[in-house]
Structures are given as C-alpha cells and as structure tokens.
Amino acid sequence: MIKVRVPATSANLGPGFDTLGVALEMYNEIEMAETGILDDVIEVEGHSGGMLEEPQHNLVYQAARLAFDRLGYRPYGLLLRERIGIPVARGLGSSAAAIVAGLVGASALAERATGHGLSQEDILQLAVQMEGHPDNVTPALVGGFTVACMDEGRPLFVRFDPPPGLEAVIAIPEIPLPTKTARGVLPGEVTMADAVFNLSRATLLVAALLTGRLDLLAAATKDRMHQPYREALVPGLRAVIQAALDAGARGVALSGAGPSVIALVERGNQEPVQSAMEAAFQWHGSDCTVRAVALAREGARVEWVDDRA
Ligand SMILES: Nc1ncnc2c1ncn2[C@@H]1O[C@H](COP(=O)(O)OP(=O)(O)O)[C@@H](O)[C@H]1O
Ligand SMILES: N[C@@H](CCOP(=O)(O)O)C(=O)O
C-alpha cells in the first residue's frame, strides 16, 4: 500500500494572484492500494458532509484516475483511504492537496507495477490542468515558498525555503467559501495602476522573503487585484488584516480565495496575533478557529507500507 502525505498551502500571499504560494504544516494523509476486488472503495476520516466518499466529488480519486489513464495502467480494484487535516473550501488548498495526493499516489502505484511513473513535470502539468492555476499545487508538491507560472503549456517554478523564524497564524472561518464562487466575483480587467501596484508588491515580497527583510512584508503583502473584490464574501476581512498587523504580524493576506486569513509572524509572537484575529472576525459576526502553523519546507511525501501486517 502506498501512503502519501500532502501539506496545506496558502496561495496569492496578497499580491501574487495565481502565482505565489507557501506550504503549511497541516496535512492530509492518503493510503492507496490495488485490492484485486472489482469495486473501488473510498473511505474518508476527518470531514463530515459525506460527499467526498462519492467518486465524482473526490478529487484524490479523480486525479488518480487521470494519472492511471496517462500511464496506460488499469489497476484492478482501487482502495482509497483519506485522513483529512486540511479544512475543505477555506482557502487552504484542500483541492490542490487532493489533486497532488491522487497524482503522486497513483504514479507510485503504477511505477511499482510497471516500472513507469510520472515525472515531477508531468505531475505538475496534470495538477494545473485539474486545478486551473499553479499557485497551490506547486508548493503542495515541492514545499516551501514557490513562484509558479505556466509558459507555453509548461509549468515553471522556483522554490525557496522560508526565512528563519518566520511562521504563520491562520484564522479559519466556520463557513466555507468554494474557490469557484470567490473567483466569480473578480473583474475581467484591472487598471494599469492596479496592475503596477500588484507587480511592485509581488516582486518586493519575493525579494524581501529571499533576503530576510521582514520589515518589508506589511507593504509587500498589499493587494488590489482580488482582495478588494472578495471583501464582500469575507465579512471583516479588512479589519482582521489590520488587527493582525497592529498585533505585530509582519505581513497579512487573504489565504487563497478565502475565507481564511494568513498572517506571517515571527516565532514567539503568534499569541497576540491569534487573539486579535479571532476578536476581529467575531466582531464582524464570523466564528473562526485560529491556529499557529509552521511553514512547511517539505511538499508531498510518499512511502510504502506493508499492508499484510
Ligand atoms: N481531501 C479531499 N479529498 C477529495 N476531494 C477533496 C478533498 N478536499 C477537497 N476536495 C474537493 O475540492 C473541493 C473544494 O475545493 P475549493 O473550493 O477549491 O477549496 P479549497 O480552497 O480548500 O481548495 C471539494 O468540494 C472537493 O470536491
Ligand atoms: N489564486 C487562487 C487561489 C485559490 O486557492 P484556494 O486555496 O482557495 O483553492 C485564487 O485566488 O482564486
């Protein structure tokens, strides 16, 4: 049986819409095996609602099928078991983690049986094809901070480690927000002034992270391309960002398409930021869970386990 662990991710980081992302130490674990029994079985732990047991709603299963098709491998009876630690539809890359888990797991199963698996580039390409943008799937696969784009159909990325001592606080509202809904409120065009605003912040953010200039993160996480439009879907967003900055966070952004908010915080300073974010969300009528989470250097990890034991 193959076991895959995939981290949550926070995409955009403010100005880097569809481009920047970081992996978080919050994980989904999946097990996958060929059973030799006709019917496929999906078992899910850690998520209520039930829909994920249905193949058509389960992106791990769909990604695995895509990988098997690409490799021309037909497993006879698939068992898929999931332990979910990444909240679904909260802007923490649950769909990206599911897609990466399915592709990586299926590739490893096929490789053991046939000697042929998918390359990292194949996996990223299929993952972007399913997810629609590369900013979550890339750090889910390779860990750390990533800058990613598609160039003439090819996924290109650079990965780098988080600066020492930088961690995250994540405020996760109770009410989910599907990414599709949050993309639906974005405009088709932006002004040149807003494009330049974001370009300057996104490049500043990457340079600041690479050189350890944490003093620049507050300015570098500002955004005019998606957050202003999504405020209507995330009550209190602006106040939560300001409260976290006032409590000592270095940089703060809507996590992915929301509704979660990520604050980048130096180790040891998380507590006041946690309380401030929780209070600000509550003031605006949103119950949320707030967690201090380390930034993950490692992306998807695969191991074989002996299922005969
Ligand atoms: N662990 C999982 N296993 C299978 N499918 C999943 C899993 N987590 C999320 N999904 C799929 O992804 C959808 C949520 O995607 P999305 O709205 O993009 O949320 P997020 O912002 O968390 O990525 C779910 O409705 C489900 O279809
Ligand atoms: N760039 C995307 C990121 C979506 O991330 P998710 O974690 O909400 O799936 C967007 O902003 O739409």
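Residues numbered from 1 in each chain as written. Chains lettered and ligands numbered in written order. Predicted model: local features only at pLDDT ≥ 70, side-chain atom pairs only at ≥ 80, totals over all residues.

## Digging into the pairing of strand β2 (residues 20–34)
As paired strands, strand β1 (residues 2–11) and β2 are joined by 10 bridges and run antiparallel to one another. What sits directly across from Val6, in β2, is Asn28. In this sheet, strand β4 (residues 78–83) lies alongside β2 in antiparallel orientation, the contact comprising 6 bridges. Within β4, the position partnered with Ala33 by the bridge is Leu79. (Pairing = 2+ DSSP bridges. Helix = DSSP H or I, 4+ residues; strand = E, 2+ residues; numbered from the N terminus.)

## Examining helix α3 (residues 120–131)
With 12 residues, α3 ought to run about 16 Å at 1.5 Å a step, and its terminal C-alpha atoms sit 16 Å apart, in line with that. Lining the buried residues of α3 we find α1 (59–71), α2 (94–114), α4 (137–142), β5 (145–151) and β6 (154–160). Just downstream of α3, Gly132 is the residue with a positive phi angle, here 95 degrees. (Expected span 1.5 Å × (residues − 1). Contact = placed C-beta atoms within 7 Å.)

## Considering the sheet that holds strand β7 (residues 166–173)
Spatially, 4 strands are ordered β8-β9-β7-β10 in an open sheet, and the strand pairing comes out antiparallel. Both edges of this open sheet fall to β8 (251–254) and β10 (288–293), since each of them pairs with a single strand only. Geometrically, the sheet is characterised by an average inter-axis angle of 20 degrees between neighbouring strands, direction not taken into account. For β7 and strand β9 (residues 261–266), the ladder comprises 6 bridges, and the chain directions are antiparallel. If you follow Glu167 over to β9, its bridge partner there is Val265. Most of the contacts of helix α10 (residues 270–283) go to β7, to which it runs at about 20 degrees, and overall it touches β7, β9 and β10. (Axes fitted to C-alpha atoms, helices over the stretch in contact; angles between N-to-C directions.)

## Some details on the site of ligand 1
Around ligand 1, the surrounding shell holds 22 residues, and the nearest of these are Leu59, Ser94, Ser95, Ala98 and Thr179. Of all the secondary-structure elements, those providing two or more residues to the shell around ligand 1 are α1 and α2. At 4 residues, the largest contribution of residues to the shell around ligand 1 is made by α2. Of the residues contributing to the shell around ligand 1, the split by class is 11 nonpolar, 9 polar and 2 charged. (Near = placed C-beta within 6 Å. Nonpolar A, V, L, I, M, F, W, Y, C, P; charged D, E, K, R; others polar.)

## With respect to the domain arrangement of the chain
Where interface size is given, it is often the accessible area lost as the parts come together that is meant. Domain boundaries in the chain define domain 1 (2–160 + 296–304) and domain 2 (166–293). Relative to domain 2, the C-alpha centre of domain 1 lies at a distance of 25 Å. Between domain 1 and domain 2, the residue contacts involve 25 residues of the former and 28 residues of the latter. Secondary structure elements with two or more residues in the side of domain 1 that touches domain 2: β1, β2 and β5. (Domains from an automatic or database assignment.)

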